[in-house]
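Notes for the structure review
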Amino acid sequence: MPRAPLTVALVLALLLGVMPQQGVAQTLATGAEAFEAAYLFIIQEHLRPVVSRELFQGAITGLTTYLRGRGLPPQTIVLRGPETQDLVTVRDAIAAAGRRLGSAASARDAGYAAIDGMVRTLGDPYTRLVLPTQGRSAPPPAGYSGVGVVLDLTVTPPIVSQVLDGSPAHRAGLRTGDIVMEIDGRSTVAMPPQEVVTRLRGLPGTTVVVRLRRGPADVVVSLVREIIGLQQTSFRRLGGVGYVRLAEFDDGAAEEVTAVVAELHRQGVRGIILDLRGNPGGYLDETVAVASIFLPRGLVATLVTRTGERTRLTATPGSFKFSGPVAVLVDRQTASAAEMLAGALQDAGHAVVGVRTFGKGTAQVIRRLPGGAVLQLTVAQYLTPNGTTVDGRGIQPLIEAEAEEGTVGTDDDRVLLAAYQWLEPRLGSLIRRAA
């Protein structure tokens, strides 16, 4: 639907470089609106109960500090009792500061300063205000198992827009401009874009047959999928054991780990050493998906809110499952989602090797605020499948070991050696059963 035409008054205002008074008032109130939204999110959702008066006092401190930094005297703000009344008082003070400062950016920042002061009273290092300029840029595409082409999916059938050097598609002679007509005998003319991607991807070593239209002729190629462009993982084979190091749980982590473990399994690996040392955590859904590679079914973790509400996170069915034993390597920097995975695997009978982990057992959500900032808010703690609390305690390894400086991942890594020794007798029993 086309936008409604601007009124003559607004057109003149824009040409003259001014805005109608209502628009100015709304813009200068953005900071106050952001504060109110943040306050309500905290008071209603934060994991631990908070006292509203302490939040308001923190907001006043933050606002006062901000005004002094701008060379303005602080405002007199008196809290008189009822929560609703004090909320209006602080909100009005922030709005008044916005009017004193005069610019939309300064008015917004006054609200952000009040929010920052409020958040500091929580004593929670994981609840924080993230300003629009602090947001991290989008990460590069994570690794996967596929054929190595980039497709233009805005057209149908899709067109090859890039062929990655050294990939199966490159070796098979695919070219930019090739039109993908069929995948494994299925027409792509009405195929949804995500299905196109899913059908081209798959486990390493599997084959996909693609029919391409190149000029007036059709070309049929058979491609063997392999791992493409790993970003978060590294791996190698140690005899019958696969060593996988996962740096974090960012977007695509589960797809990478699936591809890597599937490739190691194809090479004959019967056990996995999963190195989570230094892993700070990341996204919850990626963590559950990685756990689901090694857990055929059952609980991964339980999220518990301050009201006692419980959410069970369970292993999801997938196209690939690894059924062999797993040894998880951890250290003092293994935190958050990485601890969740280590706890889930340990409770399922696998081994955790290393030293006690960091002890961040809480989960955060993102709440968007007026003006473009977001509030990262702690809303729950998680328990391992056996009900063990992680927050403030960490995961205690089954086998304690610590690597000397400079030896991590090498043949002299004591933690790696301890994990291998735990796996070795279990691999022997697996081989006997297979025979």
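Residues numbered from 1 in each chain as written. Predicted model: local features only at pLDDT ≥ 70, side-chain atom pairs only at ≥ 80, totals over all residues. Heavy atoms only, no water.

1. Remarks on the pairing of strand β5 (residues 179-183)
Quick note on the threshold: When DSSP finds two or more bridges between two strands, those strands count as paired. The helix count covers DSSP runs of H or I at least four residues long, the strand count covers runs of E at least two residues long, and both are numbered beginning at the N terminus.
By the bridge criterion, four bridges tie β5 to strand β7 (residues 207-214) in an arrangement that is antiparallel. Bridge assignment links E182 to a residue of β7, and that residue is R211. Judged from the two bridges that link them, β5 and strand β6 (residues 186-187) form a sheet pairing that is antiparallel. Across the sheet, I183 pairs through a bridge with R186, a residue of β6. Once β5 ends, the chain turns through two residues before running back antiparallel as β6, passing D184 with a positive phi of about 50°.

2. Thoughts on the pattern of salt bridges
Rules: We define a salt bridge as a side-chain nitrogen of Lys or Arg found within 4 Å of a carboxyl oxygen belonging to Asp or Glu.
Considering all chains together, one arrives at 19 salt bridges under this definition. Salt-bridge contacts for E255 lead to R201; the nearest nitrogen and oxygen are separated by 2.6 Å. With E255 in helix α9 (residues 253-266) and R201 in the loop between α8 (193-200) and β7, the pair connects residues that are 54 residues apart, well separated along the chain. D218 is the partner of R211 in a salt bridge, and the nearest nitrogen-oxygen pair spans 2.3 Å. When salt bridges with common partners are traced through the structure, they connect E182, R211, R213 and D218 into a single cluster.

3. Some points on the nonpolar core
Quick reminder of the rule: Residues belong to one nonpolar core when they are buried, are Ala, Val, Leu, Ile, Met, Phe, Trp, Tyr or Cys, and are joined through side-chain atoms within 4.5 Å. Exposure classes here rest on a 1.4 Å probe applied to the protein chains alone. A residue is buried below 20% of its type maximum, exposed above 50%, and partly exposed in between. Contacts between residues were defined by any pair of non-hydrogen atoms, one from each residue, lying within 4.5 Å.
Core analysis: the largest hydrophobic core is formed by 83 residues, its most contacted members being F35, L63, I115, M118, I272, L274 and F294. Aside from chain neighbours lying at most four places away, what touches F294 is V257, V261, I272, L274, F322, V326, L345 and H350.

4. A short note on the packing of aromatic side chains
What describes a pair of aromatic rings is the distance from one ring centre to the other and the angle between the planes of the rings. Let me state the cut-off plainly: Between 30 and 60 degrees the pair is tilted, below 30 it is stacked and above 60 it is edge-to-face, where a pair is any two Phe, Tyr or Trp rings, Trp via its six-membered ring, whose centres lie within 6.5 Å. Charge over a ring is defined by NZ of Lys or CZ of Arg lying within 6 Å of the ring centre and within 35 degrees of the ring normal.
This structure, assessed with the given rule, holds three aromatic pairs. Geometrically, the ring pair formed by Y39 and F56 is stacked, given 4.7 Å between the ring centres and 25° between the ring planes. Here Y39 is found in helix α3 (residues 30-45), whereas its partner F56 is found in helix α4 (residues 52-69), with 17 residues between them in sequence. For the pair formed by Y39 and F56, the shared burial category is buried. Joined through ring pairs, the aromatic side chains of F35, Y39 and F56 make up one cluster. Directly above the ring of Y243 sits R236, whose terminal nitrogen or CZ lies 5.3 Å from the centroid. Geometry around Y126 places K360 over its ring, the cationic atom sitting 4.7 Å from the centre.

5. Some details on unusual backbone geometry
The step from T156 to P157 runs through a cis peptide bond, and the omega angle for that step is -5°. Relative to the helices and strands, P157 resides in the loop between β3 (149-152) and β4 (159-163). Phi is positive for D184, close to 50°, though the residue is something other than glycine. For D184, the position within the fold is in the loop between β5 and β6. Given the relative accessible area of 41%, D184 is considered partly exposed. Phi angles above zero are rare outside glycine, and S336 is one such case at about 60°. Relative to the helices and strands, S336 is located in the loop between β15 (326-330) and α11 (337-347).

6. With respect to the confidence of the model for the protein chain
Using the following cut-off: Here pLDDT means the predictor's own confidence in every residue, given as a number from 0 to 100.
Overall, the predicted model of the protein chain reaches an average pLDDT of 89, with 90% of residues at or above 70. Long-range and interchain partners of residues 134-140, a stretch whose pLDDT sits below 50, account for seven contacts in this model, where long-range means more than four residues apart. Low pLDDT (under 50) marks residues 431-435, which in the prediction has two contacts with non-local residues, meaning those over four places away or in another chain.

7. A look at the side chain of T258
Just so we agree on the cut-off: Contacts described as polar in this section are N or O atom pairs within 3.5 Å, which, within protein, must combine one atom able to donate a hydrogen with one able to accept it, while residues neighboring in sequence count only if both atoms come from side chains.
Tracing the sequence through the fold places T258 in helix α9. Here the side chain of T258 touches A254 through a polar contact of 2.8 Å, landing on its backbone oxygen. In this structure, T258 is in contact with L203, I293 and F320, ignoring residues within four places of it in sequence.

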